[in-house]
Amino acid sequence: MNMQTKPPRTAAEQALLDSFAEKVGQLPGDAKVTLARDRLLSAITETGLPTRRIESWHYTDLRNLLRGVPGKPSGAARAVAPLIRGAVVWPVVQGVAGNPAAPEGVDLSPFMDLLASGEAAGMLAARGSDDLIGQLNGAFAEDGYSFSVAAGQAVEEIIELQSVQSGGQVHNRFVANFGARASATVIERHVGDEGQIGLSSSISSLDLEDGAEVTWIILQGRGENDQHLGQLTARLGADATLKLYVINAGGKLVRQEVHVDVAGEGAHFDLRCVNLLAGDSHTDVTLTLGHAVPHTTSKEIIRNVVLGRARGVFQGQIRVAQAAQKTDAQMACNTLLLSDEGEFAAKPELEIFADDVICAHGATVIDIDHNHLFYLMARGITEKSARALLVNGFVDELIGELANEDLVEALETLIEQWLVDHG
Amino acid sequence: MLEIKNLHARIADDGTEIIRGLNLTVKAGEVAAIMGPNGSGKSTLSYILAGRDDYEVTEGDILYNGESILGLDPSERAAKGIFLAFQYPVEIPGVATMQFLKVAMNEQRKARGEDELKTPDFIRLVKEAAASLQIDPAMLKRPLNVGFSGGEKKRAEILQMKLLAPKLCVLDETDSGLDIDALKIVSDGVNALRAPDRAIIVITHYQRLLEHIVPDSVHVLYQGQVIKSGDKDLALDLEANGYAQIIEAAA
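The rules behind these values
- Residues numbered from 1 in each chain as written.
- Chains lettered and ligands numbered in written order.
- Predicted model: local features only at pLDDT ≥ 70, side-chain atom pairs only at ≥ 80, totals over all residues.
- Helix = DSSP H or I, 4+ residues; strand = E, 2+ residues; numbered from the N terminus.
- Rg over C-alpha atoms; globule rule 2.2 N^0.38 Å.
- Buried ≥ 20, exposed ≤ 12 C-beta atoms within 10 Å, placed from the backbone.
- Contact = placed C-beta atoms within 7 Å.
- Domains from an automatic or database assignment.
- Pairing = 2+ DSSP bridges.
- Axes fitted to C-alpha atoms, helices over the stretch in contact; angles between N-to-C directions.
- Core = buried A, V, L, I, M, F, W, Y, C linked by C-beta atoms within 7 Å.
- Left-handed = near helix turned anticlockwise from the far one by under 90°.
- Nonpolar A, V, L, I, M, F, W, Y, C, P; charged D, E, K, R; others polar.
- Parallel < 35°, antiparallel > 145°, perpendicular 65-115°, else oblique.
- Expected span 1.5 Å × (residues − 1).

(A) Region of the structure containing the overall build of chain A. The helix and strand tally for chain A stands at 8 helices and 19 strands. Here chain A has a C-alpha radius of gyration of 21 Å; the compact-globule value for 423 residues is 22 Å, and the two agree. Residue burial in chain A is summarised as follows: out of 423 residues, 52% are buried. If you take every contact in chain A between residues at least 6 apart in sequence, the share linking residues at least 24 apart comes to 83%.

(B) Examining the overall build of chain B more closely. Summing up its helical and strand segments, chain B has 9 helices and 12 strands in all. Counting only C-alpha atoms and orienting by the principal axes, one finds that chain B spans roughly 55 × 40 × 35 Å. Counting the 251 residues in chain B, one finds 43% classified as buried. A separation of at least 24 residues holds for 70% of the contacts in chain B among residues at least 6 apart in sequence.

(C) Inspection of the domain arrangement of chain A at higher detail. Residue and element names in this part refer to chain A. The domain boundaries assigned to chain A delineate domain 1 (77-119 + 140-367) and domain 2 (370-423). Distance from the C-alpha centre of domain 1 to the C-alpha centre of domain 2: 23 Å. Going through the elements one at a time, strand S13 (268-277) and strand S15 (297-306) are the ones with two or more residues in the side of domain 1 that touches domain 2.

(D) Quick peek at the sheet that holds strand S2 (residues 96-97) of chain A. All names here are of chain A. Strand order in this open sheet of 10 strands is S2-S1-S5-S7-S9-S11-S13-S15-S17-S19, and the pairing throughout is mixed. In the strand order of this sheet, the two ends are held by S2 and strand S19 (358-366), each with one partner. Examined bridge by bridge, strand S17 (residues 328-337) and S19 share 9 bridges and lie parallel to one another. Paired with Leu-336 across the two strands is Ile-366, which belongs to S19. Contacts from helix H7 (residues 383-399) reach S13, S15 and S17 within the one sheet, and its direction differs from that of S15 by about 160 degrees.

(E) Molecular detail of the nonpolar core. Counting 195 residues, the largest nonpolar core has Val305(A) and Ile201(B) as its most contacted members. In contact with Val305(A), not counting residues within four places along its chain, are Leu276(A), Leu277(A), Leu336(A), Leu338(A), Val391(A), Phe394(A) and Val395(A).

(F) Layout of the packing of helix H3 (residues 97-111) of chain B against helix H5 (residues 150-164) of chain B. Residue and element names in this part refer to chain B. Interhelical geometry of H3 versus H5 gives an angle of 30 degrees and a closest axis separation of 10 Å. Of the two possible hands of crossing, H3 and H5 adopt the one that is right-handed. Between H3 and H5, the residues in contact are Leu-101, Ala-104, Met-105 and Gln-108 and Gln-160, Leu-163 and Leu-164, respectively. Residues of the contact of H3 with H5, tallied by class, amount to 5 nonpolar, 2 polar and no charged.

(G) Local environment of the interface of chain A and chain B. Contacts between the two partners involve 18 residues from chain A, matched on the other side by 21 residues from chain B. Elements with a contribution of two residues or more to the side of chain A that touches chain B: helix H6 (370-377) and H7 of chain A. With 8 residues, H7(A) is the largest single contributor of residues to the side of chain A that touches chain B. Considered class by class, the residues forming the side of chain A that touches chain B number 8 nonpolar, 6 polar and 4 charged.

(H) Highlighting the sheet that holds strand S1 (residues 2-11) of chain B. All names here are of chain B. One open sheet accounts for 4 strands, arranged S2-S1-S4-S5; its pairing is antiparallel. At either end of the open sheet lies a strand with only one pairing partner, and these are strand S2 (17-26) and strand S5 (67-68). Pairing geometry for S1 and S2, over 7 bridges, is antiparallel. By the bridge assignment for S2, His-8 is matched with Arg-20.

(I) Representation of the packing of helix H4 (residues 119-132) of chain B against H5(B) within the structure. Residues and elements named next belong to chain B. Packing of H4 against H5 brings their axes to within 10 Å, and their N-to-C directions diverge by 135 degrees. With respect to H5, the element H4 is oriented oblique. Relative to H5, H4 is oriented so that their crossing is right-handed. Facing H4, whose interface residues are Leu-125, Val-126, Ala-129 and Ala-130, H5 presents Leu-159, Lys-162 and Leu-163. Among the residues making up the contact of H4 with H5, the classes are represented as 6 nonpolar, no polar and 1 charged.

(J) Fine view of helix H1 (residues 42-50) of chain B. All names here are of chain B. Here H1 lies mainly inside the structure; 8 of its 9 residues are buried. For H1, the full list of buried residues reads Lys-42, Thr-44, Leu-45, Ser-46, Tyr-47, Ile-48, Leu-49 and Ala-50. At the C-terminal side of H1, Gly-51 shows a positive phi close to 100 degrees.

(K) Structural context of helix H8 (residues 405-422) of chain A. For H8(A), which comprises 18 residues, the first-to-last C-alpha distance of 26 Å matches the rise-based estimate of 26 Å (1.5 Å per residue) to within 8%. Listing the buried residues of H8(A) in full gives Leu407(A), Ala410(A), Leu411(A), Ile415(A), Trp418(A) and Leu419(A).

(L) Region of interest: unusual backbone geometry. All names here are of chain B. You will see that Asn-145, though not glycine, has its phi angle at about 65 degrees, which is positive. Under the C-beta neighbour-count criterion, Asn-145 is labelled buried, with 22 such atoms within 10 Å. Positive phi is not limited to glycine here, since Ala-165 has a value of about 45 degrees. Checked against the element boundaries, Ala-165 lands in the loop between H5 and strand S9 (168-172). The exposure class assigned to Ala-165 is partly exposed, which follows from the 14 C-beta atoms found within 10 Å.

(M) Layout of the environment of Glu209(A). All names here are of chain A. Note that Glu-209 resides in the loop between strand S8 (198-208) and strand S9 (213-221). Along the chain, Glu-209 and Asp-421 lie 212 residues apart, while their C-alpha atoms are 41 Å from each other. When sequence neighbours within four positions are dropped, the list of residues in contact with Glu-209 reads Phe-178, Gly-179, Ala-180, Gly-237 and Ala-240.

(N) Up close: the pairing of strand S3 (residues 31-35) of chain B. Residue and element names in this part refer to chain B. Within S3, 5 of the 5 residues are buried, leaving the element largely enclosed by the surrounding structure. Residues of S3 alternate between two faces, with Val-31, Ala-33 and Met-35 on one and Ala-32 and Ile-34 on the opposite face, all of them buried. Bridge count for S3 against strand S10 (residues 199-203) is 4 bridges, and the pairing is parallel. Residue pairing across strands places Ala-32 opposite Ile-201, the latter belonging to S10. In the sheet, S3 pairs with strand S11 (residues 217-222) via 4 bridges, with the strands oriented parallel. Bridge assignment links Met-35 to a residue of S11, and that residue is Val-220.

Shown next as structure tokens:
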């Protein structure tokens, strides 16, 4: 007879439990919140960190990849200048939110307040038994922001949620509600430094009511020793549009999950993802996208640049419910593999139960086009610059789609700088 | 300015010899036409001059202003003033035309030890040059050559040539794919660049282009060699009688 034995705890697992034991009395929350935290932690204790045997973590064996669970952040960190001049910055420094002002028509409160009042108890739940990020963040979430944009309000200023971390362990939560026909552009920016090991989790929960139009940009630029686990969930009401940008340009171990529920007729979801991977980092972007009702559309384009010994993963699952006739869902994952030692795994998955839909996915892996390189060099552009131009062009096509020119310029500059630093 | 001596070159991949003992001299201020039947090695010669690494030179030399350029990569040759107008300019999605022009101009200036262009000066130069070639400014906002018609691509090549002001211009079948009006605009653009310190090599199949860009010398390329050289009347002779007679005489 076979006995199922649990593998011994890894150092990282033990450290997580220890840090919970250490923090448990200080974490904000009423009795309901505390109960929710205990449940989530015991789920982690029960199953351990996910391994490659868990399907959704197959390409990111967290149990083996998570190295070091640091304690409270001890380094000095301070908010940085916003990506775009004139943006409203809502800082979270070393895990603690401030008390910033909000633009007209936007109601803002620190997430810590919602924990303290118990309002957040219902938000501290995992999506399923394999939702390690939900479990971890729910158990440890300390602060962040909760905000809502009034119906019909067009927020002119760009809002920058700025999480700054220098080592240590940080768990943020952002909750955003966009009222009917509201519109806003939000940058969710994760800043780190090159110091000690950091561990961060961050969950953003978006709710777009009917006709809301939101551009949300996740800009992950943690330090080269940092481990970052991000998750964004979104529900789109009728005729709502979410344009989501994910730009990964940092971190040692990164997983960004995106879970979108296209729930209202006429809704549209866009994902544009740029993964800039170098060194011996591991970066995983995992998408689950559900089309639940008829007449909805989505388009995902993922572009990856792989240097050094970096490894990247994209898992994209699109589910089209039986009722969701006339769905149009397009997904493409293109990788520019610039190193023999780098690798990228792409796993598209379509689950289609409706019969009158257009769904497509494609994955390509390419190297720099020899003809392109020769053409640029024949104009006097050195090989190094020509390569940088071409790599930049490969990802720039996605950035160029953004409506705000300042934003396009800022992101282009950021990408160029990354290529200069790592190319 | 340009001296090609007993040049032998082959395709690097499979060793097929394309250029077999080619000799050619082009002086500063000269416009030289290179004609020849399909497969005679005309385009290959232009690629070898520009430094494309798909070809390897096995014998002979290419001297530019008295110095061998065989050891230079394409960008170094360009910075020294060699320019190839491509027969098929490549489309590069994601690279904006203006950005490309600016990088190219500044990299060449940098290689020559000159200061970078200031943005307003750069924009003024491009606008003036574009207007003279009747290039719609909207075209310059697109990614490089993407969605350009055949004629627009050729005009864009001449625009680049004008802006980079090279000393040795190699035009590879610039007339292909051009209608009469576009041919006139492109030829005028090239003629405006004729200068005592600049040489232009025009590679073409047809006499037609040479009515607009009148050459000082005409060279017939066949099986990787120049088999006959003459003045502009040689092109007229070829137009009237074809290549067969010359090929026979050279055999």
